[in-house]
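# Observations on the three-dimensional arrangement
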Amino acid sequence: MSSLIEIHRAAVRLFARQGYAGTGIRDLGKEVGINSATLYHYAGGKEEILVAVMARCLEGLLAGGRRALGHSADPAVQLVRLVRLHVAMEAVNPLTAYVTDREVRALSAANRAAVLALRDDYESMFQQVLERGKRTGRFQIDDLPTTRMALLEMCNGVSNWYRPGGRLSVPEIQDRFADLATRLVGCPPVPPAECGTDLAVAVLDSEPLDHRADEEALA
């Protein structure tokens, strides 16, 4: 018998491979080996599934972001820790992150507002760190909104191209992105000792365990 976790994993796999709009309830039921009536026993529909997947991903980023900011009052350290967290989330949960980043437009108005509120809460952490860094002279930023968007898009893109066993490990990508982030804000590199231990990022329940083949389809 399929569980809700298995349904979420199947949904993420299909949404990433063929898009939310291109995935029907029958497709989802077939993927997990149940009929549509049984699937509705677990979830009210595919939008409910999509919202749950997105919320779990964004809540994970929010919780990690709060821990990242709590390590130091230095905006440069905070920025590096936020970037390292985001890179890890995208690399460890590539399909879930991919779907969360790209399918907001598929949601109905009320659900879109709820998901966007979570995303805005998370992105505001970057905004506040950048504002503080500019205000204190730690960062040299001319256009803060564009800088924030550039940082977030840079991190979001990791799910598009990172592959386990590839040229760079996750810690190596984190190191490079941290360096890029500090360069972008006109700040000297932050010594690793000041950043502390990286926050642990777990594999989300929605992330397909066999996602490597699906990642190849996205490449």
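Keep in mind that this is a model prediction, so the values were computed, not measured.

## Observations concerning the UniProt feature "DNA-binding region" (unreviewed entry) in the protein chain
Mapped onto this numbering, the UniProt entry gives "DNA-binding region" (unreviewed entry) at residues 24-43. Helix makes up 75% of residues 24-43 and strand 0%, whereas the separation of the span's terminal C-alpha atoms amounts to 14 Å.

## So, the domain arrangement of the protein chain
Domain parsing of the protein chain yields domain 1 (1-44) and domain 2 (47-201). Summarising the inter-unit geometry, the C-alpha centres of domain 1 and domain 2 are found 29 Å apart. In this assembly, domain 1 packs against domain 2 so that about 1,000 Å² is buried in total across both faces, 78% of it on carbon and sulfur atoms. Taken together, the connections running from domain 1 to domain 2 amount to 0 salt bridges. Taken together, the elements giving at least two residues each to the side of domain 1 that touches domain 2 come down to α1 (4-18) and α3 (36-42). It is α1 that provides the largest number of residues to the side of domain 1 that touches domain 2, a total of 6 residues. Among the residues forming the side of domain 1 that touches domain 2, the class breakdown is 10 nonpolar, 3 polar and no charged.

## Brief notes about the packing of helix α7 (residues 109-136) against helix α8 (residues 144-156)
Think of two packed helices as two axes; the pair is described by the angle between the axes and how far apart they sit. At a minimum axis distance of 10 Å, the contact between α7 and α8 shows a crossing angle of 130 degrees. Between α7 and α8, the crossing angle belongs to the class labelled oblique. In terms of crossing hand, the pair formed by α7 and α8 is right-handed. When α7 is examined against α8, the residues Tyr122, Glu123, Phe126, Gln127, Leu130, Glu131 and Lys134 are found in contact with a partner set consisting of Leu144, Thr147, Arg148, Leu151 and Leu152. Partitioning the contact of α7 with α8 into residue classes produces 6 nonpolar, 2 polar and 4 charged.

## Digging into the side chain of Glu90
Residue placement: Glu90 occurs in helix α5 (residues 75-92). Comment: no salt bridge for buried Glu90; closest opposite-charge side chain is Arg102, at 5.7 Å. Discounting residues that sit within four places of it in the chain, Glu90 has contacts with Ala97, Asp101, Cys155, Asn156, Val158 and Ser159.

## A short note on the pattern of salt bridges
A complete count under the given rule lists 8 salt bridges for this structure. In this structure, Arg84 and Asp175 form a salt bridge, with 2.8 Å as the shortest nitrogen-oxygen distance. Of this pair, Arg84 sits in helix α5 while Asp175 sits in helix α10 (residues 170-184), and the two are 91 residues apart along the sequence. Within this structure, Arg84, Asp175 and Asp198 form a network of salt bridges that share partners.

## Thoughts on the packing of α5 against α10
Axis separation between α5 and α10 bottoms out at 9 Å; the angle between their running directions is 140 degrees. Judged by the inter-axis angle, α5 sits oblique to α10. With respect to the hand of their crossing, α5 and α10 are arranged in right-handed fashion. Contacts between α5 and α10 involve Leu79, Val80, Val83, Arg84, Val87, Ala88 and Ala91 from the former and Val170, Pro171, Ile173, Gln174, Asp175, Phe177, Ala178, Ala181 and Thr182 from the latter. Split into classes, the residues belonging to the contact of α5 with α10 amount to 12 nonpolar, 2 polar and 2 charged.

Cut-offs applied
- Residues numbered from 1 in each chain as written.
- Predicted model: local features only at pLDDT ≥ 70, side-chain atom pairs only at ≥ 80, totals over all residues.
- Heavy atoms only, no water.
- UniProt positions renumbered as here; feature names shortened; annotations may be inferred.
- Helix = DSSP H or I, 4+ residues; strand = E, 2+ residues; numbered from the N terminus.
- Domains from an automatic or database assignment.
- Buried area = accessible area lost by both parts, 1.4 Å probe.
- Salt bridge = Lys/Arg side-chain N within 4 Å of Asp/Glu carboxyl O.
- Nonpolar A, V, L, I, M, F, W, Y, C, P; charged D, E, K, R; others polar.
- Axes fitted to C-alpha atoms, helices over the stretch in contact; angles between N-to-C directions.
- Parallel < 35°, antiparallel > 145°, perpendicular 65-115°, else oblique.
- Left-handed = near helix turned anticlockwise from the far one by under 90°.
- Contact = heavy atoms within 4.5 Å.
- Buried < 20%, exposed > 50% of the residue type's maximum accessible area, 1.4 Å probe, protein only.
- Lys, Arg positive; Asp, Glu negative; His and termini not counted.

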